[in-house]
Amino acid sequence: YRKWALENPYLYAITVSSPLLRARLPKGLDDGVTKMIIEITGKDHEHARAVWALMHGLVDLEIAGRFPKDANLDLTWKRAIAMI
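Residues numbered from 1 in each chain as written. Predicted model: local features only at pLDDT ≥ 70, side-chain atom pairs only at ≥ 80, totals over all residues. Heavy atoms only, no water.

### Thoughts on a nonpolar patch on the surface
Heads up, the rule is: Patch membership requires over 30% relative accessible area and the absence of a salt bridge. Like charges are linked within 9 Å, and nonpolar side chains (Val, Leu, Ile, Met, Phe, Trp, Tyr) within 5 Å. Areas reported here follow the Shrake-Rupley algorithm with a probe of radius 1.4 Å; residue values treat only the protein chains shown as occluding. A carboxyl oxygen of Asp or Glu within 4 Å of a side-chain nitrogen of Lys or Arg is what we treat as a salt bridge. Under the scheme applied here, a residue whose accessible area is under 20% of the maximum for its type counts as buried, over 50% as exposed, and between as partly exposed, the area being computed with a 1.4 Å probe on protein chains only.
Together, Trp4, Leu11 and Ile14 line one region of the surface with nonpolar side chains, adding up to about 320 Å² of accessible area. By relative accessible area, which is 45% here, Leu11 ends up partly exposed.

Right, dumping it as C-alpha cells:
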C-alpha cells in the first residue's frame, strides 16, 4: 500500500480523495479487502477499519511531507504493523 502510494502519489490522491462509489465496484471487492484484514488480524470489521485508517493516515502524512526529514518511517510502519 505504502510503496504503491509513494510511487504513484497523484493516482493515490485520485483514488482516495472522493467518496467511494460502492455501487460501481465489482461485486465483493470492498468486502474482500475487509475480509483479508480480518483474516490476517483475527479481529472484527471495526478493527479492520482502524487498520485501514492507520495505513491511510501514515501514507497521507508521508506524501504531504508532514514528517521531519530525519523520521524513520520504515520503523514507524513496523511499529504500526506490530500494533495491529
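That was the structure; now back to the text.
### Side note on the confidence of the model for the protein
So the rule is basically this: Confidence scores here are pLDDT values: one per residue, from the predictor, ranging 0 to 100. A run of H or I in DSSP becomes a helix once it reaches four residues, and a run of E becomes a strand once it reaches two; helices and strands are each numbered from the N terminus.
Here the protein averages 91 in pLDDT, while 100% of its residues score no lower than 70. The element-level mean pLDDT for the protein is lowest in helix H3 (residues 29-41), coming to 83, with helix H1 (residues 2-7) highest at 96.

### Section: the pattern of salt bridges
What the rule picks out here adds up to four salt bridges. Between Asp74 and Arg2 there is a salt bridge, with the nearest N and O atoms lying 2.8 Å from each other. Of this pair, Asp74 sits in helix H5 (residues 73-83) while Arg2 sits in helix H1, placing them 72 residues apart in sequence. In this structure, Glu7 and Lys3 form a salt bridge, with 2.6 Å as the shortest nitrogen-oxygen distance. Here Glu7 pairs with Lys3, and both are found in helix H1, just four residues apart, close to one helical turn. Residue classification places Lys3 among the exposed residues on the basis of a relative accessible area of 57%. A network of salt bridges, in which partner residues are shared, links Arg2, Glu62 and Asp74.

### Observations regarding the side chain of His47
Counted only if it meets this: Definition of a polar contact: a pair of N or O atoms within 3.5 Å, with one able to donate and the other able to accept a hydrogen when the atoms are protein atoms, and with sequence-neighbouring residues admitted only if both atoms are side-chain atoms. Any two residues whose heavy atoms approach within 4.5 Å at even a single point are treated as in contact.
With respect to the secondary-structure elements, His47 resides in helix H4 (residues 45-63). From its side chain, His47 meets the backbone oxygen of Ile84 in a polar contact 3.3 Å long. Discounting residues that sit within four places of it in the chain, His47 has contacts with Thr41 and Ile84.

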